Amino acid sequence: MRLFIAEKPSLAKAIFEGLGGNPDTEKKGGYFQHGSDVVTWCVGHMLELYDPQDYDAKYSKWHFADLPIKTVFPPSLKIKPQTAAQTNIILSLINQATSIVHAGDPDEEGCLLVDEMLDYARNTKPVERLLIVDLNLAPVQKSLANMQPNSKFRGMSNSALARACADQGFGYNLTRGFTLKGREKGYNGVLNVGRVQSATLGLINTRTLANQNHTISYYYDVYGSIALQGHTVKAKYQVVESDQVDEKNVLFQKLSHGISLNG
């Protein structure tokens, strides 16, 4: 049995149609099957990193003295409860397969998403990599005819895994640290800190403050009536980046002599 593991249901359906299957009549519980080909799907990441308390129960309670919590690499993974049923179907199919096709999206997260499932299952069976960027039938069939060894893309998975571990270490340590110091000052909530989240919130906050502190200002368009060979042409001055638009009368100085200004 050849098992295809797609990143999402829509991709699984496209692959199955590319293999000549009919997703309407050959759908099983959590997968499609056409002859010896089986196509199943993930729903985003099916696994998640261990939390600090999964490694050591003492981290269930937050103490400043325990910081920084060291990052474990390679990390242990656990099944996400909300998608456990589909995860167990995929793991069962991996055990039954004779060969496997990794059909995650062609980016770092797509590589990791399926590779972590294979690692969790301790897979030793041969794995090919299927790269699909267009779900239409012809491009899918072309990709199916040009699969590559999955080992060529392991570096992309490792990159995504390293980022995930770095994000977790950053978030757990700074969130606990800020929260505990906040409690010393009487704040009872959780002060969440994240590598992406905090930077994004900082941009939003900066923009909010700019809006709140905004003061009304005015600008004026400058028009000129230009006499040209017996005709009058009305033109609008186009501001360029080098113009010192905040200085009084600078635009007037740029206009050639004889042009009447209409404000």
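Calculation rules
Residues numbered from 1 in each chain as written. Predicted model: local features only at pLDDT ≥ 70, side-chain atom pairs only at ≥ 80, totals over all residues. Heavy atoms only, no water. Phe/Tyr/Trp six-rings, centres within 6.5 Å; stacked < 30°, edge-to-face > 60°. Buried < 20%, exposed > 50% of the residue type's maximum accessible area, 1.4 Å probe, protein only. 1 Å grid on protein atoms, 1.4 Å probe; cavity = no way out; pocket = protein on both sides within 12 Å on 5 of 7 lines; lining within 4 Å. Points joined across faces, edges and corners; volume = space filled by probe spheres on them. Helix = DSSP H or I, 4+ residues; strand = E, 2+ residues; numbered from the N terminus. pLDDT = per-residue confidence, 0-100. Contact = heavy atoms within 4.5 Å. Axes fitted to C-alpha atoms, helices over the stretch in contact; angles between N-to-C directions. Parallel < 35°, antiparallel > 145°, perpendicular 65-115°, else oblique. Nonpolar A, V, L, I, M, F, W, Y, C, P; charged D, E, K, R; others polar.

A. Local environment of the packing of aromatic side chains. Tallied over the full model, the rule gives 3 aromatic pairs. Judged by centre distance (5.3 Å) and plane angle (50°), the ring pair of F32 and W41 falls under tilted. On the accessibility criterion, F32 (6% relative accessible area) is buried. When its relative accessible area of 10% is taken as the criterion, W41 is described as buried. Plain terms: the ring middles of Y50 and Y55 are 5.2 Å apart, the flat faces sit at 55° to each other, and that makes the pair tilted. Exposure remark for Y50: the relative accessible area of 25% places this residue in the partly exposed category. Given the relative accessible area of 34%, Y55 is considered partly exposed. Ring pairing ties together the aromatic residues F16, F32 and W41, which thus form one cluster.

B. Expanded view of the layout of surface pockets. Taken as a whole, the second largest pocket holds about 260 Å³ of empty space. Around the second largest pocket, the lining comprises 14 residues; the ones closest to its centre are H45, L47, E48, L49 and A164. Listing elements by their share of the lining of the second largest pocket, those giving two or more residues are strand 4 (47-49), helix 4 (108-120) and helix 6 (154-184). When residues of the lining of the second largest pocket are assigned to their parent elements, the largest contribution, 4 residues, is made by helix 6.

C. Structural context of the confidence of the model for the chain. When pLDDT is averaged across the chain, the result is 92; 92% of the residues are at 70 or more. Here residues 256-263 scores under 50 on pLDDT; set against residues more than four positions off or in separate chains, the count is 15 contacts.

D. The packing of helix 1 (residues 9-18) against helix 5 (residues 137-144), seen in detail. With their axes 9 Å apart at the nearest point, helix 1 and helix 5 run at an angle of 75° to one another. In terms of orientation, helix 1 lies roughly perpendicular with respect to helix 5. Contact residues: A14, I15, E17 and G18 in helix 1; L137, V140, Q141 and L144 in helix 5. Residue composition of the contact of helix 1 with helix 5, by class: 5 nonpolar, 2 polar and 1 charged.

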